[in-house]
Amino acid sequence: MTPAPDAPSTTARPGLCSTYCRVLREPLAGTAVVAKGWVVVEQPGPWGAKAPTQSHLDPEFGGPFDDQCKKADVRFGLIRMPGRHADTVERSHQVFVASTTPGLSWLLGGRIADASELGDLDLDAVARGDRAAVIASLPGLLPVDEPVVLVCTNGKRDGCCAVLGRPLVSGLAERAPGRVWEANHLGGHRFAPTATYLPAGTMHGHLTVETAAEALAAADRGETITTGLRGRSTWSKRGQAAEVAVRELTGELSLDALRVVAEDAETVTIQHLDGRSWSVPVTSALADPPRPDSCGKEPFAMSILQTGTPVSGAIR
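Below is a short write-up of the structure.

Each value, and the rule that gives it
Residues numbered from 1 in each chain as written. Predicted model: local features only at pLDDT ≥ 70, side-chain atom pairs only at ≥ 80, totals over all residues. Heavy atoms only, no water. Buried < 20%, exposed > 50% of the residue type's maximum accessible area, 1.4 Å probe, protein only. Helix = DSSP H or I, 4+ residues; strand = E, 2+ residues; numbered from the N terminus. Pairing = 2+ DSSP bridges. 1 Å grid on protein atoms, 1.4 Å probe; cavity = no way out; pocket = protein on both sides within 12 Å on 5 of 7 lines; lining within 4 Å. Points joined across faces, edges and corners; volume = space filled by probe spheres on them. Nonpolar A, V, L, I, M, F, W, Y, C, P; charged D, E, K, R; others polar. Core = buried A, V, L, I, M, F, W, Y, C linked by side-chain atoms within 4.5 Å. Contact = heavy atoms within 4.5 Å. Phe/Tyr/Trp six-rings, centres within 6.5 Å; stacked < 30°, edge-to-face > 60°. Salt bridge = Lys/Arg side-chain N within 4 Å of Asp/Glu carboxyl O.

**Quick notes on the pairing of strand β2 (residues 74-80)**
With respect to burial, β2 is a largely interior element, six of its seven residues being buried. Bridge analysis of strand β1 (residues 37-42) against β2 gives six bridges, and the strand direction is parallel. From the neighbouring strand, Val 39 faces β2, where its bridge partner is Phe 76. Where β2 lies against strand β7 (residues 180-183), two bridges are found, and the strand directions are antiparallel. Looking at the pairing, Arg 80 lines up with Glu 182 of β7.

Structural data, given as structure tokens:
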């Protein structure tokens, strides 16, 4: 797997879970969250560790809506603009809705007066990539032509996200104003700073401002980069690891060129749009030595995915 570039000294502070991850060179592939769609809503002010119920968002809406999203295989989160966060609620909230499936990837955006309006959203349509049905359920949504970036910065969830995520979001926002948002939780604290690129749902870890900007430029071209690539949320974690392995073997960067078409106990099959296919061995092993998965937690022998060399199949 392609390692992330050497990190600056600020990303290797003793005691951070991300420092353990970097020092032990833990593989990033296969660690993205799993979701066929994303729904994020702007919520200024402070966030708690569980932001959907610990923020200025109405917890009687946030908790149940988060549960509904999970049942529909959709990721729900809170976002806010980079910078200082006033302890107030704006009059309207920016919303982004994304479908991540190759060939059906799209991004919608709009503003709503109250976050509870998201209750009208057709979450099943989000998951299956039915853009027309999504717009019909929430007519204020409009197509967004440029990808956006979500960077995890919630220090109440994990210290790494604040210490490493906030400088990244600040630096990247200077290069791509209006397209970079702080996010409450993207999973994988130990890979901080970590980001999600919508609409594709590709996730990267151990980012620098340079690599984050390169990933955004690639997304603008309909591509990705393999540096720090954790995977595309569309796929299972084993599927993510296999797809990254094929990209590294072939140099294929087009976002929609590869699909996970089959999985069994030992291998994952990846297929290219041109008909080529690869069988990728994907196994899991206990981490040695043990390491924490979040700051302040005790190290343990977590399960880590490992991939073998992809074996090419015939062109169909």
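**Considerations on empty space enclosed by the protein**
For the structure on display, the rule yields one cavity of 30 Å³ or more. Of the voids in this model, the largest cavity is the one considered here, and its volume is about 40 Å³. If you go around the largest cavity, the residues you meet are Trp 38, Val 40, Arg 75, Phe 76, Gly 77, Leu 78, Ile 79, Leu 150, Ala 183, Asn 184, His 185 and Leu 186. Among the elements of the structure, β1 and β2 are those that each provide at least two residues to the lining of the largest cavity. With five residues, the single largest contributor to the lining of the largest cavity is β2. Its residues assigned to classes, the lining of the largest cavity shows eight nonpolar, three polar and one charged.

**Some words on the nonpolar core**
The biggest cluster of nonpolar side chains holds 27 residues, and the ones touching the most others in it are Val 39, Phe 76, Val 97, Leu 118, Leu 121 and Val 134. Of all the secondary structure elements, the ones that give two or more residues to this core are β1, α2 (59-71), β2, β3 (93-99), β4 (106-112) and α3 (123-128). In terms of residue count, the dominant contributor to this core is α3 (four residues). Other than its neighbours up to four places away in sequence, Val 39 contacts Phe 65, Val 74, Arg 75, Phe 76, Gly 77, Phe 96, Val 97, Leu 118, Leu 121 and Leu 123.

**Some words on the packing of aromatic side chains**
Inspection of the entire model under this criterion finds three aromatic pairs. When the ring of Phe 65 is compared with that of Phe 76, the centres are 4.9 Å apart and the planes differ by 85°; the resulting orientation is edge-to-face. Residue Phe 65 is found in helix α2, and its partner Phe 76 is found in strand β2; the two are separated by eleven residues along the sequence. A residue is classified by how much of its surface remains accessible, and Phe 65, at 1% relative accessible area, is buried. For Phe 76, a relative accessible area of 6% translates into the label buried. The interplanar angle of 75° and the centroid separation of 5.8 Å between the aromatic rings of Phe 96 and Trp 181 together place this pair among those described as edge-to-face. Taken together, the positions of Phe 96 in strand β3 and Trp 181 in strand β7 put the pair 85 residues apart, joining distant regions of the chain. As far as burial versus exposure is concerned, Phe 96 and Trp 181 are alike and both buried. Following the ring pairs from residue to residue traces out a cluster consisting of Phe 61, Phe 65 and Phe 76.

**Description of the pattern of salt bridges**
Across all of its chains, the model carries twelve salt bridges by this definition. For Glu 210, the salt bridge is made with Arg 175, and the minimal N-O distance between the two is 2.4 Å. Of the two residues, Glu 210 sits in helix α6 (residues 209-220) while Arg 175 sits in helix α5 (residues 159-175), which places them 35 residues apart along the sequence. For Arg 175, a relative accessible area of 47% gives the class partly exposed. Across the salt bridge formed by Arg 276 and Asp 274, the nearest N and O atoms sit 2.9 Å from each other. The class for Arg 276 is partly exposed, based on a relative accessible area of 27%. On the basis of relative accessibility, which here comes to 37%, the residue Asp 274 falls in the partly exposed class. Each of Glu 146, Arg 179 and Asp 220 takes part in one network of salt bridges that share partners.

**Notes on the pairing of strand β11 (residues 258-263)**
Of the strand pairs in this sheet, β11 and strand β12 (residues 267-272) are connected by five bridges, and their pairing is antiparallel. Residue pairing across strands places Val 260 opposite Ile 270, the latter belonging to β12. Hairpin connection between β11 and β12: a loop of three residues separates the two successive antiparallel strands.

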